[in-house]
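Examination of the molecular architecture
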Amino acid sequence: MRRTLIAGGLALLLLATACGESRRPGPPAAAGSPTASRQDPAQVERTLASLRKIDDLPMYEMTYDGDYDPTAGLAGSTPPSPFGCSLFAALADRDRPLFARNFDWEPNPALVLRTDPPDGYASISLVDISYLGVSADPTGDRRLLDAPLLPFDGMNERGLAVGLAADDGARAEPVPGLPKVGSVRILRLVLDSAATVDDAVAVFRRYNLDFDGGPPLHYLLADATGASAVVEFVDGKLTVDRRQGPWQALTNVPAVGVPDRELRQDHRYGVLAKELDRTGGVVDAAGALRLLNAVRQSHTRWSVTYGLRSGEVRVVTAGGGTRDYRLPMSD
């Protein structure tokens, strides 16, 4: 049976591990021991030297130089706590499709991360680096080299964007024979290898998602062609709901198979839906940020917009600081 709509507070996620592989030895650790880095010493030095504080959240930015293993394990776990998120894709303007989200959570240090792996797509993503075990001042901490493993949202050079939100009523039944991957880690696998929503859904179908250590999640995907989809677990099975109109939105209530009138009973979803209906699914970055502000909560840590064709990224933190980035796009 389809689970009923859940609008209550939710607990936080996991740092689940994925399919681990043996790692070649790296340079000795300075502070912390990364597991994902496949960098040589010079690349490590350039990566850590690129760290810059950009906001008193605190938020940092960093450019990852070299390669990493996106399936490497991450040690440690995190106690669950309530959080929520709001995401939408406004896709009616084929020249300016846009993906936007609020990340609502504790005031942990965050990171705007640029990656360009040799065997994957370049991307910009946002990471809550507290889950790496680093402090508010992570300068020189080699655990930052695991930051690619934990994107909470992001966009790659092909214009594929993805974000997560908690979905407390979901459960994922394992499919025999599939490898297990952490439910945040899957975003890295998507960003590195998927050019379209169809590609991203195929990545999800190749793994069993591990929700241990926190609540289960659901995901919003969108791409530069104007396609979008919600990936959600219904009665234990991965289910995909592709957009039928000019926009698609997601908060912390089940979305797949739920009538629109019930979804709109969730306050944040209702606010998003009303405005996106009014604009016909046409929203620029400034309008998207105004809409995100309308559904922000006291614990909103950052708001971000991704231009799926332009490569423009705008990040606004809880303190009101704004940073603009541009990701060079490829065909």
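Structural data are supplied above this passage.
Residues numbered from 1 in each chain as written. Predicted model: local features only at pLDDT ≥ 70, side-chain atom pairs only at ≥ 80, totals over all residues. Heavy atoms only, no water.

Another aspect to go through is the overall build of the chain. Scanning the chain from N- to C-terminus turns up six helices and 17 strands. The contacts in the chain between residues at least 6 apart in sequence include a share of 69% that link residues at least 24 apart. Element-wise, carbon and sulfur atoms account for 49% of the exposed surface of the chain, whose accessible area totals about 12900 Å². (Helix = DSSP H or I, 4+ residues; strand = E, 2+ residues; numbered from the N terminus. Contact = heavy atoms within 4.5 Å. Areas by Shrake-Rupley, 256 points an atom, 1.4 Å probe, with all protein chains shown as cover.)

Here strand 14 (residues 247-250) shows a buried face lined by Trp247 and Ala249 and a second buried face lined by Gln248 and Leu250. The pairing of strand 3 (residues 84-90) with strand 14 spans four bridges and is classified as antiparallel. In the sheet register, Ala89 faces strand 14, and the bridge partner there is Gln248. (Buried < 20%, exposed > 50% of the residue type's maximum accessible area, 1.4 Å probe, protein only. Pairing = 2+ DSSP bridges.)

Take helix 6 (residues 285-294) next. Turning to helix 6, its buried residues are Gly287, Ala288, Leu289, Leu291 and Leu292. Those residues of helix 6 that are buried are in contact with strand 3, strand 4 (98-104), helix 5 (267-279), strand 15 (300-307) and strand 16 (312-317).

Below, the discussion takes up the environment of Val181. Within the secondary structure, Val181 is located in strand 9 (residues 180-182). Classification of Val181 as buried rests on a relative accessible area of 0%. In this structure, the C-alpha to C-alpha distance between Val181 and Ala72, residues 109 residues apart in sequence, is 9.9 Å.

Residues three or four positions apart in an α-helix share a direction because the helix packs 3.6 residues into each turn. Listing the buried residues of helix 1 (residues 41-49) in full gives Gln43, Val44, Thr47 and Leu48. Taken end-on, helix 1 shows its buried residues confined to a sector of 125 degrees, consistent with a single buried face. The exposed residues of helix 1 that point more than 90 degrees off its buried face are Pro41 and Glu45. In this structure, the buried residues of helix 1 make contact with strand 2 (59-63). (Arc of directions from axis to C-beta.)

Quick look at the pattern of salt bridges now. Here the structure, examined in full by the defined rule, presents 18 salt bridges. Note that Glu173 is salt-bridged to Arg171, the shortest N-O span being 2.6 Å. Here Lys237 and Glu173 are joined by a salt bridge, their closest N and O atoms 2.9 Å apart. Here Glu173 lies in the loop between strand 8 (161-166) and strand 9 and Lys237 lies in strand 13 (residues 237-242), a separation of 64 residues in the sequence. The partly exposed category is assigned to Lys237, whose relative accessible area is 49%. Here the salt bridges do not stand alone but share partners, grouping Glu61, Arg114 and Arg323 into one network. (Salt bridge = Lys/Arg side-chain N within 4 Å of Asp/Glu carboxyl O.)

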